[in-house]
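Chain by chain, the residues:
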Amino acid sequence: MAQTVSVIVGAEDRARLAALLSDRNRPLKHVQRANIIVLSAERLPVQEVARRAGVSRPAVWRWQVRYAEQGVDGLLRDKTRKPGRAPLPTTTVAKVLALTCSEPPGAVTHWTGRAMAKTVGISLRAVQRIWEANRLQPHRLRTFKRSSDPAFAAKVEDIVGLYMDPPCHAVVLSIDEKSQIQALDRTQPGLPLKPGKCGTMTHDYKRNGTTTLFAALNTLDGTVVGRCMPKHTHKEFIKFLAAVERAVPAGKVIHAIVDNYATHTHPKVLAWLADHPRWVFHFTPKSASWINAVEGFFSIITRRSIRRGVFKSVADLQDAIARYIRAHNKAAKPFVWTKPADGIFAKLDRLPAPSE
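Residues numbered from 1 in each chain as written. Predicted model: local features only at pLDDT ≥ 70, side-chain atom pairs only at ≥ 80, totals over all residues. Heavy atoms only, no water.

- An unreviewed UniProt entry lists the chain under the name IS630 family transposase, with Azospirillum brasilense as the source organism.

Rendered as structure tokens:
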């Protein structure tokens, strides 16, 4: 659009425009439009009018034409727009919701937005808006595993009680092993991270052996005692317990939280415990390793030190693990468990009952 009119402002219109410019209660858009006409009447170039009014040149041309056609009243009215699309009928929305919560036809497992749009006869975006408004996410699936341990409640209350109200003159250790950690070497060096591009790593790799990390997380201060060993039999477990025994000050009772792995209940392990009476084992329920606090540490060390690592040998892998544990212990914080046992039971009650 280019300038096609010459703005001429009479005395009456000039007074009305001046009143608009001085009225602090007027909307900003009305003030801008009045300013455009006043500046245009001074025969200023369009570029200068746009600069002083703080608008674009097409806006200057548009309001010059509007003033020429409708006067000052035209500056105070916006053009009517075509009405938007009518909202979807409630029956259509209800149909989308009902179909989403039912099995889709054919050999597919879940609804997609396009499949739903085609079935109902509406647009993909309309389906997405309905799903967003009703917090439906058919593309997502959350897995669960409910413990069938008959002593589940008692064990959970025991372990949560240790986390939230630890005994006096005792330490609470969460103990487990992370087995078969692979020392992987990449066939080619990757490229580093740089602006606009993520770091790279070859998909193929060379296996250089495995190690097992035994770890004991002290929930009172967050420190970790860790040892890497070639296997994870009862012999290595007893060696690790002996290392923890040396690390814990004398005179303190050791409450150890362990899972139901056969190594932890081996007769020789039980004999070792009998010779060390300050140790008390607390077993997690079956299929409930999530309650063992050291599992969180294993997840962190995997993501931050192991998964992207390049290791020429098992020794390199073990050195990397040892360095991470030392750095972790320097900045360790107490482990805090926030959900009481009652809250856990209430959440599990919403899940299906375990099959017999």
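Now that the structure is up, let's keep going.
Considering the pattern of salt bridges
- What the rule picks out here adds up to 10 salt bridges.
- When the shortest N-O distance is used, the salt bridge between Glu132 and Arg125 registers 3.4 Å.
- The partner of Lys312 in a salt bridge is Asp185, with the nearest N and O atoms 3.3 Å apart. Taken together, the positions of Lys312 in the loop between helix H11 (294–306) and helix H12 (314–330) and Asp185 in strand E1 (residues 170–186) put the pair 127 residues apart, joining distant regions of the chain.
- Given the relative accessible area of 56%, Lys312 is considered exposed. (Salt bridge = Lys/Arg side-chain N within 4 Å of Asp/Glu carboxyl O. Helix = DSSP H or I, 4+ residues; strand = E, 2+ residues; numbered from the N terminus. Buried < 20%, exposed > 50% of the residue type's maximum accessible area, 1.4 Å probe, protein only.)

Quick notes on the sheet that holds strand E2 (residues 205–218)
- One open sheet accounts for 5 strands, arranged E3-E2-E1-E4-E5; its pairing is mixed. The two strands at the open ends of the sheet, each matched to only one other strand, are strand E3 (224–229) and strand E5 (279–283). Looking at each pair of strands side by side, their axes are set apart by 30° on average, direction ignored.
- Strand direction decides the pairing type here: E2 and E3, joined by 6 bridges, are antiparallel. Following the sheet pairing, Phe214 is matched in E3 by Arg227.
- Most of the contacts of helix H9 (residues 234–247) go to E3, to which it runs at about 150°, and overall it touches E1, E2, E3, strand E4 (253–258) and E5. (Pairing = 2+ DSSP bridges. Axes fitted to C-alpha atoms, helices over the stretch in contact; angles between N-to-C directions. Contact = heavy atoms within 4.5 Å.)

Some details on the nonpolar core
- Core analysis: the biggest nonpolar cluster contains 33 residues, and Val156, Leu213, Phe297, Ile301 and Ile321 have the highest contact counts within it.
- Of all the secondary-structure elements, those providing two or more residues to this core are helix H8 (152–164), E1, E2, H11, H12 and helix H13 (341–348).
- Among the elements that line this core, the one with the most residues is H8, at 6 residues.
- Sequence-distant contacts of Phe297, that is, excluding residues within four places in its chain, are made with Val224, Tyr324, Ile325 and His328. (Core = buried A, V, L, I, M, F, W, Y, C linked by side-chain atoms within 4.5 Å.)

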